Amino acid sequence: MKALHFGAGNIGRGFIGLLLSRAGYEVVFSDVNKTLVDALRERGEYTVTLADDKQERIRVAGVTAIDGTDLAAVASAVAEADLVTTAVGVNILKHIAPGLARGIERRIAAGAGPLHLIACENAIGGSAQLKAHVYGHLDEETRRGADAVCAFPNAAVDRIVPIQHNEDPLAVTVEPFYEWAVDASVMFPDFKRIEGVHYVNDLTPYIERKLFTVNTGHASAAYLGNLKGYETIQQAMADDALVGEVRAVLDETGAVIVRKHGFDPEAHRHYIDTILGRFRNPNLTDEIARVGRSPIRKLSPNDRLVGPALLALEQGNEPDALAKVMAAALRFDYPDDPESAELQRSLADRGAGATLAKYTTLPPEHPLLLLALKQFEALAAELQS
Ligand SMILES: NC(=O)C1=CN([C@@H]2O[C@H](COP(=O)(O)OP(=O)(O)OC[C@H]3O[C@@H](n4cnc5c(N)ncnc54)[C@H](O)[C@@H]3O)[C@@H](O)[C@H]2O)C=CC1
Ligand SMILES: O=P(O)(O)OC[C@H]1O[C@](O)(CO)[C@@H](O)[C@@H]1O
């Protein structure tokens, strides 16, 4: 069995590649990073280290790679695959779509069997977004053919994998915890189960609980930590006042999730505590620059900040703590991050109100933007004093 995985980065090697290899797949990575591709091809294996006291090292063998810029090679790999997964970043899905489309055309022409394509990105409806990009490159008849043999189950993936600073470009250190939930409701019957994957018939509660707790909490620690001059999440999480603010955010998102999906409030409190413990992991160094990266994506309407804040308002609650994190996101000034640079330019040119309206796509008078603007002004006053 062959799995084609797009993105040989931190999650690709440290999570998805590891689980697929353990499940008996030969894993073919597609990546545009030549160093990674060459090393995977030459060595055919890499090591994953678990970031706990034992520092267990796991050898992942039987892997190889193709050059993701070579459209013909990508199409061939898609044509031969038994499973396709991605961990490239949700904004990159459109760039891998042409190769997937050419491969799907070849599968249909050859009468190949059914194929699941699972986007393992931090986003709601990641695989549905991938499908829309791929279908944009197919004609009407091929789309009908693809409907019969391709399924794009959405997924929620959870494992903290910081940016790696190892001499070996393939070595990757990951937290021991992981969770991979996949929407089985759209999968073909009798699919091959992957050990470690949790198949569910309704993914929404899982992805919203994960995105609006792990990712909201992590982004909050990053943006609030950045305001205080911290460089790592571990530094930020050693600041009790800051942890109190992150908890206030997670109380707001927790109320939303518990009410919307009927989770047990006590169990959800326990989930929050576990996650705060994961952020503190002393065996990892996770940079605020990584966790806060792409602030425009993180301020978009369905993402980890605005998404739960809008739901809180719908439920009649004012999400002040979330609004403060939205305001703090505007202060995330990392010139090497293209989205941060764009946000800073917009802030300088248009001001906070218009910038928030542009990137959240909400009307300027929307109650959430008024709350975030109030928080932004309070932050500005605090920083001046
Ligand atoms: N790092 C983490 O802790 C977690 C990350 N995620 C999600 O996983 C995804 C990947 O994140 P990371 O692994 O951290 O990022 P990463 O930057 O380490 O890996 C992304 C990889 O995609 C490759 N890539 C870029 N364009 C490509 C293309 N056109 N074709 C093939 N490969 C391409 C890059 O070269 C890179 O190796 C993101 O959506 C992220 O939100 C989800 C859960 C945890
Ligand atoms: O990859 P993104 O969406 O930019 O955000 C980084 C996120 O990845 C994670 O490491 C795992 O989901 C989170 O802890 C963090 O919030």
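Computed from a predicted model, the values in this text were never measured in an experiment. Numbering of residues starts from 1 in every chain and runs along the sequence as written. Here chains are named by letter from A upward and ligands by number from 1 upward, in the order in which they appear as written. Local features in this predicted model are restricted to residues whose pLDDT is 70 or higher, and side-chain atom pairs enter the listing and the counts only when it is 80 or higher, whereas totals over whole chains, interfaces and linings include all residues.

Visitor: Go over the UniProt feature "domain: Mannitol dehydrogenase C-terminal" (unreviewed entry) in the protein chain with me, naming the residues and quoting the values.
Guide: UniProt positions are given in the numbering used here, feature names are shortened, and annotations may be inferred rather than shown by experiment. Cross-referencing UniProt, the feature "domain: Mannitol dehydrogenase C-terminal" (unreviewed entry) maps to residues 202–344 in the present numbering. Across residues 202–344, helical content stands at 71% and strand content at 0%; the span's end C-alpha atoms are separated by 39 Å. Where helices and strands are cited, they refer to DSSP runs of H or I of at least four residues and of E of at least two residues respectively, numbered from the N terminus.

Visitor: Help me get a handle on the site of ligand 1, residues and values and all.
Guide: We count a residue as near a molecule or strand when its backbone-placed C-beta atom lies within 6 Å of that partner. Among the 26 residues in the neighbourhood of ligand 1, the closest are listed as Gly 7, Gly 9, Gly 68, Glu 121 and Asn 122. Mapped by element, the contributors of at least two residues to the shell around ligand 1 are helix H1 (10–22), strand E2 (26–31) and helix H4 (93–110). Ranked by residues supplied to the shell around ligand 1, first place goes to H1 with three residues. A breakdown of the residues in the shell around ligand 1 according to their chemical character gives 13 nonpolar, 10 polar and three charged. As a working rule, the residues Ala, Val, Leu, Ile, Met, Phe, Trp, Tyr, Cys and Pro are called nonpolar, Asp, Glu, Lys and Arg charged, and the rest polar, with Gly in that last group.

Visitor: Report on helix H16 (residues 352–360), specifying residues and quantitative values.
Guide: Since one α-helical turn is 3.6 residues long, residues separated by three or four positions face the same way. Within H16, burial applies to Ala 352, Thr 355, Leu 356, Tyr 359 and Thr 360. Across the axial projection of H16, the buried residues extend over an arc of 110°, all falling on one side. Residues are defined as contacting one another if the C-beta atoms placed from their backbone atoms lie within 7 Å. Where H16 is buried, its residues meet helix H12 (295–298), helix H13 (306–314), helix H14 (320–330), helix H15 (338–350) and helix H17 (367–384). A positive backbone phi angle near 60° is found at Thr 361, which sits one or two residues after H16. Residue burial is a threshold on neighbouring C-beta atoms within 10 Å of the residue's own C-beta, all placed from the backbone, with 20 or more meaning buried, 12 or fewer meaning exposed, and counts in between meaning partly exposed. This arc corresponds to the set of directions leading from the helix axis out to the C-beta atoms.

Visitor: Can you break down the UniProt feature "binding site: NAD(+)" (unreviewed entry) in the protein chain residue by residue, with the values?
Guide: Per the UniProt entry, the sites bearing "binding site: NAD(+)" (unreviewed entry) are Ala 3, Leu 4, His 5, Phe 6, Gly 7, Ala 8, Gly 9, Asn 10, Ile 11, Gly 12, Arg 13 and Gly 14 in this numbering. Residue position: Leu 4 is located in strand E1 (residues 2–6). Among all residues touching Leu 4, those that are not within four sequence positions of it are Val 28, Ser 30, Ala 77, Val 78, Ala 81 and Val 84.

Visitor: Outline the sheet that holds strand E6 (residues 83–86), listing residues and values.
Guide: Note on pairing: two strands pair once DSSP finds at least 2 bridges between them. If you walk across this open sheet you meet the six strands as E5-E2-E1-E6-E7-E8, and the pairing is parallel. Looking at which strands have only one partner, the edges of the open sheet turn out to be strand E5 (63–67) and strand E8 (150–151). Both strand E7 (residues 115–119) and E8 contribute to a ladder of two bridges, which runs parallel. By the bridge assignment, His 116 is partnered in E8 with Ala 151.

Visitor: So what about the sheet that holds strand E3 (residues 45–50)? Which residues, and what values?
Guide: Taken in spatial order, the three strands make up an open sheet running E4-E3-E10, and their pairing is mixed. At either margin of the open sheet sits one strand with a lone partner, and together these are strand E4 (57–61) and strand E10 (172–174). Ignoring which end each strand starts from, the neighbouring axes of this sheet average 30° apart. Note that E3 and E4 share five bridges and pair antiparallel. The partner of Thr 47 across the bridge, within E4, is Arg 59. H1 rests against E3, E4 and E10 of the sheet, and its axis sits at about 80° to E10. Here an angle of 0 to 180 degrees is reported between the N-to-C directions of two axes, which are lines fitted to C-alpha atoms, with helices fitted over the stretch in contact.

Visitor: Break down the site of ligand 2 for me, with residues and values.
Guide: Around ligand 2 sit Asn 122, Asp 158, Ile 160, Val 214, Asn 215, His 218, Ala 219, Val 291, Arg 293 and Ser 294, and that is every residue in its neighbourhood. In terms of residue count, the dominant contributor to the shell around ligand 2 is helix H7 (residues 204–227) (four residues). Looking at the shell around ligand 2, its residues break down into four nonpolar, four polar and two charged.

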